[in-house]
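Inside the fold
Here are the chains, one letter per residue:
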Amino acid sequence: MTSALVPGSFDPPTKGHLDVIERCAAIFETVLVAVVRNPSKDPLFSAEERIELLKECCANWPNVEIGSFDGLLVDYARQTRSDVIVKGLRAITDFDYELQMSQMNRHLSGIVTMFIATKPEYGYLSSSLIKQVAGLGGSVDSLIPAPVLDALKARVHDD
Ligand code: PNS
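Described in the following lines is the structure provided in the data block.

Parameters and conventions
Residues numbered from 1 in each chain as written. Predicted model: local features only at pLDDT ≥ 70, side-chain atom pairs only at ≥ 80, totals over all residues. Heavy atoms only, no water. Helix = DSSP H or I, 4+ residues; strand = E, 2+ residues; numbered from the N terminus. Rg over C-alpha atoms; globule rule 2.2 N^0.38 Å. Contact = heavy atoms within 4.5 Å. Areas by Shrake-Rupley, 256 points an atom, 1.4 Å probe, with all protein chains shown as cover. Lys, Arg positive; Asp, Glu negative; His and termini not counted. Charge placed at Lys NZ, Arg CZ, Asp CG, Glu CD. Buried < 20%, exposed > 50% of the residue type's maximum accessible area, 1.4 Å probe, protein only. Pairing = 2+ DSSP bridges. Right-handed = clockwise from strand over helix to strand, strands pointing away. Phe/Tyr/Trp six-rings, centres within 6.5 Å; stacked < 30°, edge-to-face > 60°. Arc of directions from axis to C-beta. Near = heavy atom within 4 Å. Polar contact = N/O pair within 3.5 Å; in protein donor to acceptor, adjacent residues only side chain to side chain. Nonpolar A, V, L, I, M, F, W, Y, C, P; charged D, E, K, R; others polar.

Description of the overall build of the protein
In terms of helices and strands, the protein carries six helices and five strands. Walking the protein from its N terminus toward its C terminus, one meets helices and strands in the order β-α-β-α-β-α-β-α-β-α-α. On C-alpha atoms alone, the protein measures out to a radius of gyration of 15 Å, which is about the 15 Å that the 2.2 N^0.38 rule sets for 159 residues. In terms of overall dimensions, the protein has C-alpha extents of about 45 × 30 × 30 Å along its principal axes. Here the analysis covers contacts within the protein between residues at least 6 apart in sequence; of these, 77% occur between residues at least 24 apart. Split by element, the accessible area of the protein, about 8,900 Å² in all, is 53% carbon and sulfur. For the protein, the separation between the mean place of its 15 positive charges and that of its 21 negative charges on side chains is 3 Å.

This is the structure we're talking about:
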């Protein structure tokens, strides 16, 4: 049984993230989506909020679970007996950093990282851009799943 670990900040989850998770769910027996609790940037949504949003968005995929971690990803991979880390690649600009991280993770624990190319229509999508555009009043309706859109609208209006 091969289990995939899909880590990320998911602040907030986008349709690009869900595309990668859905394709993992079709390939691997189990998929653990892992929310990093303290991303390098100050998050808009708390870890609990990001976890709840992902649970709602992934509810139709029975082999997908949502978890969270602090510290090193490879330690979490070991604790959860994950076989492979999976990351989405949008463009060549992602590649350098993702390759570096995958090689460091391999050095630390021997774990394999696999990359899934993002759907072209989501190639320009990032959580940071979504937050910036929504914060400035632009429409992101077609780029994020419905539960995230509701949460983002509420958060932007609150501020
Ligand atoms: O969604 P992101 O921001 O691209 O996710 C990056 C993430 C969370 C996968 C990465 O920052 C990470 O693995 N953080 C945990 C700390 C760690 O293990 N650092 C060493 C990576 S080589």
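Some details on the pairing of strand β1 (residues 3–8)
Burial within β1 is extensive, with six of its six residues counted as buried. Burial of β1 is two-sided: the residues Ser 3, Leu 5 and Pro 7 facing one way and the residues Ala 4, Val 6 and Gly 8 facing the other way are all buried. Here β1 pairs with strand β2 (residues 30–36) via six bridges, running parallel. Across the sheet, the residue bridging to Ala 4 is Val 31, located in β2. Handedness of the β1-helix α1 (residues 15–27)-β2 crossover: right-handed.

Examining the environment of Phe 45
Mapped onto the fold, Phe 45 is located in the loop between β2 and α2 (47–57). Overall, the relative accessible area of 2% leaves Phe 45 in the buried class. Along the backbone, Phe 45 and Ala 134 are 89 residues apart, and their C-alpha atoms lie at a distance of 14 Å. For Phe 45, the contacting residues outside a window of four places in its chain are Asp 11, Pro 12, Arg 50, Ala 151, Leu 152 and Arg 155.

What about the packing of aromatic side chains?
Summed over the entire model, instances satisfying the criterion amount to one aromatic pair. Here Phe 69 and Tyr 76 contribute two aromatic rings whose centre-to-centre distance is 5.4 Å and whose plane-to-plane angle is 20°, an arrangement assigned as stacked. Across the pair, Tyr 76 and Phe 69 agree in class, each one buried.

Focus on helix α5 (residues 127–135)
Count 3.6 residues to each turn of an α-helix, and residues three or four apart come out pointing the same way. Here α5 has its buried residues at Ser 127, Ile 130 and Ala 134. Projected down its long axis, α5 shows its buried positions confined to an angular sector of 55°, all on one face. Positive phi appears at Gly 137, one or two residues downstream of α5, with a value of about 90°.

Brief notes about the site of the ligand
Taken together, Pro 7, Gly 8, Ser 9, Val 36, Phe 69, Gly 71, Leu 72, Leu 73, Lys 87, Met 101, Met 104 and Asn 105 make up the full set of residues adjacent to the ligand. Contact distances for the ligand include 2.7 Å between an oxygen atom and a side-chain N or O atom of Ser 9. Between the ligand and the protein, one listed contact pairs an oxygen atom with a backbone N or O atom of Leu 73 at 2.8 Å. Burial of the ligand by the protein chains amounts to 70% of its free accessible area of 550 Å². Elements that contribute at least two residues to the shell around the ligand include exactly β1 and α4 (92–109). Looking at the shell around the ligand element by element, the count peaks at three residues for α4. Partitioning the shell around the ligand into residue classes produces seven nonpolar, four polar and one charged.

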